[in-house]
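Analysis of the macromolecular model
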Amino acid sequence: MLRTAFTTLLVVSYLARAYAQTWCGKNYMAGSPVIPPGGQFPISATSSSPLLAFRCAPAIKPYLPEDVPTLSSFIIDTPITKSEITGAAPISLPGHGSLGSVAVTVSVDGRSLATGVVPLNATKFELPFSLAGFSPRAEAYNVTCTAEYSSSSLSKPQQFSTGAALSLLPDPPAGRSVTKMDLRTGALLAKPATGNGGSYETVFPIGFYTNFAGYLDSNLTLLNVLKEQGFTVHPVPTFDNLTALDLILDRMQELGLYLMYDMRWTYMNDTAVTEEVNRIKNRPNLLLWYTGDEPDGTSDPLNATSHAYDLIYSLDGYHPVSLVLNCEDYFWTQYTSGSDIVMQDTYMISNNVTFSNQWETPCTLDYGCCGCDDCKGNFEDISTRMDDFAERLWDNGWDRTKAVWTVPQAFGNDTYWTRQPTGKEYIVQAVLGINHGGLGVVAWNDPTTPEIKASASALALALPTMQDFILSPSASFAHVSSGQVDVGVWTVGARSLVLATNLNYAEATLPLASVPGVEGKSVQQVFDSGASFAGGKFVFESTGTGGFIVS
Ligand SMILES: *[C@@H]1O[C@H](CO)[C@@H](O)[C@H](O)[C@H]1NC(C)=O
Ligand SMILES: *[C@@H]1O[C@H](CO)[C@@H](O)[C@H](O)[C@H]1NC(C)=O
Ligand SMILES: *[C@@H]1O[C@H](CO)[C@@H](O)[C@H](O)[C@H]1NC(C)=O
Ligand SMILES: *[C@@H]1O[C@H](CO)[C@@H](O)[C@H](O)[C@H]1NC(C)=O
Ligand SMILES: *[C@@H]1O[C@H](CO)[C@@H](O)[C@H](O)[C@H]1NC(C)=O
Ligand SMILES: *[C@@H]1O[C@H](CO)[C@@H](O)[C@H](O)[C@H]1NC(C)=O
Ligand SMILES: *[C@@H]1O[C@H](CO)[C@@H](O)[C@H](O)[C@H]1NC(C)=O
Ligand SMILES: *[C@@H]1O[C@H](CO)[C@@H](O)[C@H](O)[C@H]1NC(C)=O
């Protein structure tokens, strides 16, 4: 009887598995039925009258005792919208004239930290506050932010309220590094990876998921080359030889290479995560943790990433947690809730994104797997994905506390993908990601072609100049797209960084005069992947990209 029940269970579970071959919740094997995957991100309802989506966040996460003597700030956002996004509430605006302002109070346990008048529809308005009087502790302080809106047409003021977490941690144990996030920009801040001290600086990681087995573990000198090439290293597990891993991590520290530590195979095993986090957390070059690798593709339990996140924070707490999502729209909120940094890996080069060459089925919104979920097969798949992720952060009220990174395709001649990207195509992917808000670029994977390596290194070596713009809290940003030339413009003071990439497989030009907000005559090129400036115009080769400082 028992045995029969057990056999039945095995058969049922085998059948369930045979039919549960899904990716992004979609069936993809020829002959399997079309079953809508579900899990779509809801489209916000539209309100007929204006809403205030009042938001607040501390400028830095986490603070440390060393930050207490310095004034910091709360970032206040007061967007007026008609989308019923998280926390948006009706506001009775005047029919005409200026929008006016709100009186904002930031408090903890009833004690006021900051007050100020903030214009309506403001972005990143900073109210100074002091940490004096707060005791460092592991648990975040719950902050209440209120906004009061008065106008002559209202009999009594309207009240708005929202919350934020303020983290002031004790000094870390000796040797442990801290990676902070600047919530004004989403940028990471860390001390030099050597562990020999120094001040916090912005970090713009660019590099590869780098094979451990048969590559990093075979020759330590590879790391010296990766350092010279300007890369950050994300070793790919399994780390079956811990002696070899230690040698690699020691060499990385000596060279000043930050570590992105990957637990893709173990993140759902609490015992393994505990062992790994405790083993790695005191390495001074640790930049961040990485948990799920496409957990949405494999439909990992919806609480798996947030569970790992909480466990990692309970064991460490001084480094952010990242993961990558592969699906265009599958339980995005659930998986992303377990991250500080969510990456997207939209691989659209050389695959047929509408008919699967692996499974010989069509790929649609509810069926099939073509190696790029819900893609059209053009570079815009990447910028659309970046924009969608940013929009969802915004809708969820997570835009200040989580960042989006991009994963370019640096592989090919493999299953869905018939060839390797060219060096210039790699650059288009990376820069498109940056122009659409990406604050880290980690391509899959190294080893790659010498051509991609050379292109990626040129970008990596140009980034220290460009990140002074991209990661500056005082930068204003504009985005333009003209004739499939995608342009990001970051302006700090009288100088602008223009990062422009040509998505066409043909030459293109873009007059400087058509780039808004850029004034000035001096154009200095800081990055060249097949673009130049001449006669008042940017000139691009097929899939060419350039970085220019206009002053
Ligand atoms: C708020 O600012 C946005 C972006 O600058 C602008 O498009 C919008 O018209 C403004 N809304 C109102 C109600 O002024
Ligand atoms: C902060 O708020 C969260 C969620 O409301 C709650 O679980 C937590 O206990 C609060 N922490 C403190 C220190 O009050
Ligand atoms: C190790 O890598 C370095 C740098 O790429 C290379 O010069 C050297 O020849 C390699 N050594 C071996 C034994 O493969
Ligand atoms: C593990 O790596 C170390 C250091 O490279 C090496 O000496 C050792 O032989 C390796 N062990 C195994 C079982 O491969
Ligand atoms: C979880 O990880 C521990 C420690 O590495 C290991 O011993 C155990 O077998 C793992 N459990 C599963 C279910 O893989
Ligand atoms: C995830 O949710 C499931 C179902 O609600 C529950 O049984 C399980 O314990 C949860 N897992 C974790 C890791 O929290
Ligand atoms: C994809 O494959 C289908 C079926 O073989 C073919 O009709 C279509 O032209 C292909 N699309 C591309 C962009 O190669
Ligand atoms: C593509 O892969 C196959 C087998 O993996 C290999 O034989 C071939 O040389 C590769 N082609 C290119 C252009 O890399």
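Residues numbered from 1 in each chain as written. Chains lettered and ligands numbered in written order. Predicted model: local features only at pLDDT ≥ 70, side-chain atom pairs only at ≥ 80, totals over all residues. Heavy atoms only, no water.

Turning next to the confidence of the model for the protein. In the predicted model, the protein carries a mean pLDDT of 95, and the fraction of residues at 70 or more is 96%. This stretch, residues 1-19, has a pLDDT under 50; its non-local contacts, to residues over four places away or in other chains, come to one contact. (pLDDT = per-residue confidence, 0-100. Contact = heavy atoms within 4.5 Å.)

The biggest cluster of nonpolar side chains holds 120 residues, and the ones touching the most others in it are V106, L166, W405 and I470. Looking at which element gives the most residues to this core, the answer is helix α9 (residues 450-470), with nine residues. Setting aside its immediate chain neighbours within four residues, I470 contacts F204, I434, L439, L463, W490, L497 and L499. Counting residues in each nonpolar core, the second largest holds 16 residues, with V489, L512, V515 and F548 among its members. (Core = buried A, V, L, I, M, F, W, Y, C linked by side-chain atoms within 4.5 Å. Buried < 20%, exposed > 50% of the residue type's maximum accessible area, 1.4 Å probe, protein only. Helix = DSSP H or I, 4+ residues; strand = E, 2+ residues; numbered from the N terminus.)

To continue, consider the state of the cysteines. The tally for this structure, following the rule as stated, stands at four disulfides. Disulfide partner of C363: C370, at an S-S distance of 2.0 Å. What sets the handedness of the C363 and C370 disulfide is the S-S torsion sign, and at about 95 degrees it is right-handed. Judged by relative accessible area, C363 falls into the buried class, the value being 15%. Sequential numbering of the bridged cysteines in the protein gives the disulfide pattern 1-4, 2-3, 5-6, 7-8. The closest cysteine sulfur to the non-disulfide-bonded C369 is located on C363, 6.4 Å from its own sulfur. For C369, a relative accessible area of 9% corresponds to the buried category. (Disulfide = S-S within 2.5 Å.)

Here we take up the packing of aromatic side chains. We describe a pair of aromatic rings using the distance from one ring centre to the other and the angle between the two ring planes. Tallying each qualifying case throughout the model produces 24 aromatic pairs. Judged by centre distance (4.9 Å) and plane angle (90 degrees), the rings of Y347 and F411 are edge-to-face. Pair noted here: Y347 is in the loop between β22 (341-344) and α7 (380-395) and F411 is in the loop between β23 (403-406) and α8 (423-435), with a separation of 64 residues, a long-range link. Taking the centre distance of 4.8 Å and the plane angle of 50 degrees together, the rings of F477 and W490 count as tilted. Of this pair, F477 sits in strand β25 (residues 476-482) while W490 is found in strand β26 (residues 485-492), placing the two residues 13 residues apart along the sequence. Through a chain of ring-to-ring contacts, three or more aromatic side chains come together here, namely F41, W332, F389 and W398. The ring of W394 carries R55 above its face, with NZ or CZ at 4.7 Å from the centroid. (Phe/Tyr/Trp six-rings, centres within 6.5 Å; stacked < 30°, edge-to-face > 60°. Lys NZ or Arg CZ within 6 Å of the ring centre and 35° of its normal.)

Turning our eyes to something else, we now look at the packing of α7 against α8. Where α7 meets α8, the closest approach of the two axes is 9 Å, and the angle between their N-to-C directions is 25 degrees. Our classification of the angle between α7 and α8 gives roughly parallel. Both α7 and α8 take part in a crossing whose hand is right-handed. On α8, the residues touching I382, S383 and M386 of α7 are Q429, L432 and G433. Taken together, the residues of the contact of α7 with α8 sort by class into three nonpolar, three polar and no charged. (Axes fitted to C-alpha atoms, helices over the stretch in contact; angles between N-to-C directions. Parallel < 35°, antiparallel > 145°, perpendicular 65-115°, else oblique. Left-handed = near helix turned anticlockwise from the far one by under 90°. Nonpolar A, V, L, I, M, F, W, Y, C, P; charged D, E, K, R; others polar.)

Right, let's talk about the site of ligand 3 for a bit. If you check the shell around ligand 3, you find N219, T221, L222 and V225 and nothing else. Between an oxygen atom of ligand 3 and a side-chain N or O atom of N219, the distance comes to 2.4 Å. Considering ligand 3 on its own, with 360 Å² of exposed area, one finds that the protein chains cover 32% of that surface. (Near = heavy atom within 4 Å. Polar contact = N/O pair within 3.5 Å; in protein donor to acceptor, adjacent residues only side chain to side chain. Areas by Shrake-Rupley, 256 points an atom, 1.4 Å probe, with all protein chains shown as cover.)

What follows covers the sheet that holds strand β10 (residues 111-119). Strand order in the open sheet made by the four strands is β10-β9-β12-β13, with antiparallel pairing throughout. In the strand order of this sheet, the two ends are held by β10 and β13 (158-166), each with one partner. For this sheet the average axis-to-axis angle between neighbouring strands, irrespective of direction, equals 20 degrees. Bridge analysis of strand β12 (residues 141-149) against β13 gives nine bridges, and the strand direction is antiparallel. (Pairing = 2+ DSSP bridges.)

Moving residue by residue along a regular strand, the side chains alternate between the two faces of the sheet. Examined bridge by bridge, strand β29 (residues 523-534) and strand β30 (residues 537-550) share 10 bridges and lie antiparallel to one another. In the strand pairing of β30, F527 is matched with G547. From the end of β29 to the start of β30, which pair antiparallel, there are two residues, and G535 there has a positive phi angle of about 60 degrees.

The next subject is the environment of V515. Here V515 lies in the loop between β28 (508-511) and β29. We classify V515 as buried; its relative accessible area is 3%. Along the primary structure V515 and A478 are separated by 37 residues, whereas in three dimensions their C-alpha atoms are 9.0 Å apart. Setting aside chain neighbours within four positions, we find V515 in contact with V489, L510 and F538.

The residue after K61, namely P62, is reached through a cis peptide bond having omega -10 degrees. With respect to the element layout, P62 can be found in the loop between β5 (60-61) and β6 (72-77). Along the chain, D446 connects to P447 via a cis peptide bond; the corresponding omega equals 10 degrees. Mapped onto the elements of the fold, P447 is located in the loop between β24 (441-446) and α9. Of note in the backbone geometry, Q484 takes a positive phi value of approximately 60 degrees without being a glycine. Along the chain, the position of Q484 falls in the loop between β25 and β26. Look at T543: it is not a glycine, yet its phi comes out positive at around 45 degrees. Position of T543 relative to the elements: it lies in strand β30.

In this model α8 runs 18 Å from its N-terminal to its C-terminal C-alpha over 13 residues, within 8% of the 18 Å that 1.5 Å per residue would give. Extensive coverage of α8 is indicated by the burial of 12 of its 13 residues. Restricting attention to buried positions, one finds in α8 the residues G423, E425, Y426, I427, V428, Q429, A430, V431, L432, G433, I434 and N435. (Expected span 1.5 Å × (residues − 1).)

Once that is clear, we can look at helix α4 (residues 270-280). Among the residues making up α4, those that are buried are A272, V273, E276, V277 and I280. Taken down its axis, α4 places every buried residue within 120 degrees of arc, on the same side. Looking at the buried residues of α4, the elements they touch are α3 (242-255), β19 (259-262), β20 (286-293) and α5 (304-315). Structurally, the start of α4 carries an N-cap: the backbone nitrogen of T271 is 3.0 Å from a side-chain oxygen of N269. (Arc of directions from axis to C-beta.)

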